[in-house]
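# Results of the structural survey
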Amino acid sequence: MRMRRSWTTTAVVVVWVAMGGLPMAAEACSVCFGQTDSPLGKGLHWGVFALLMCIMGTLVAFGTFAVYLVRRAAAVEAEMALESGAATGVQRRSGGESGVESRVESGDLS
């Protein structure tokens, strides 16, 4: 019985054979040959810089979203606490003052 090769195996073999036939100069970059000040080397450096900026942009966006989620969760929790306080009969003062701050200012700490 004859085994059939998949197309991926055939493609890998073809690429492997083609890579073996290339001259050594085609397999190396300017850094390997020590010419980092050539236009190819400068392009390589700018390419690495561009990829790093993409990674940093993604990380900053992820961090910003995480901070947003933490702040939003705190705001929702505070709102739920105020609603549950109103349901139990605790009065909320307008003007942004909390009950503790207004009691301290008025001297009523009991």
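Residues numbered from 1 in each chain as written. Predicted model: local features only at pLDDT ≥ 70, side-chain atom pairs only at ≥ 80, totals over all residues. Heavy atoms only, no water.

### What about the overall build of the protein chain?
In terms of helices and strands, the protein chain carries four helices and zero strands. When the 110 residues of the protein chain are sorted by exposure, 5% land in the buried category. Accessible surface for the protein chain amounts to roughly 10100 Å². Of this, 68% is attributable to carbon and sulfur atoms. (Helix = DSSP H or I, 4+ residues; strand = E, 2+ residues; numbered from the N terminus. Buried < 20%, exposed > 50% of the residue type's maximum accessible area, 1.4 Å probe, protein only. Areas by Shrake-Rupley, 256 points an atom, 1.4 Å probe, with all protein chains shown as cover.)

### Side note on the packing of aromatic side chains
All chains considered together, the criterion is met by two aromatic pairs. An angle of 90 degrees between the planes, with centres 5.6 Å apart, marks the rings of tryptophan 46 and phenylalanine 49 as edge-to-face. With tryptophan 46 and phenylalanine 49 both in helix α3 (residues 39-87) and three residues apart, this pair spans about one turn of that helix. Judged by relative accessible area, tryptophan 46 falls into the exposed class, the value being 60%. Ring geometry for phenylalanine 65 against tyrosine 68: centres 6.3 Å apart, planes inclined by 25 degrees, an arrangement best described as stacked. Here phenylalanine 65 pairs with tyrosine 68, and both are found in helix α3, just three residues apart, close to one helical turn. Under the relative-accessibility criterion, phenylalanine 65 is labelled partly exposed at 47%. (Phe/Tyr/Trp six-rings, centres within 6.5 Å; stacked < 30°, edge-to-face > 60°.)

### Considerations on a nonpolar patch on the surface
Taken together, Leu44, Trp46, Val48, Phe49, Leu52, Met53, Ile55, Met56 and Leu59 make up a surface patch of nonpolar side chains, about 910 Å² in accessible area. The exposure class of phenylalanine 49 is partly exposed, given its relative accessible area of 41%. (Patch = residues over 30% accessible without salt bridge, like charges linked within 9 Å, V, L, I, M, F, W, Y side chains within 5 Å. Salt bridge = Lys/Arg side-chain N within 4 Å of Asp/Glu carboxyl O.)

### A short note on the confidence of the model for the protein chain
Overall, the prediction assigns the protein chain a mean pLDDT of 76, with 59% of residues at 70 or greater. Ranking the helices and strands of the protein chain by mean pLDDT puts α3 first, with 91, and helix α4 (residues 99-106) last, with 52. (pLDDT = per-residue confidence, 0-100.)

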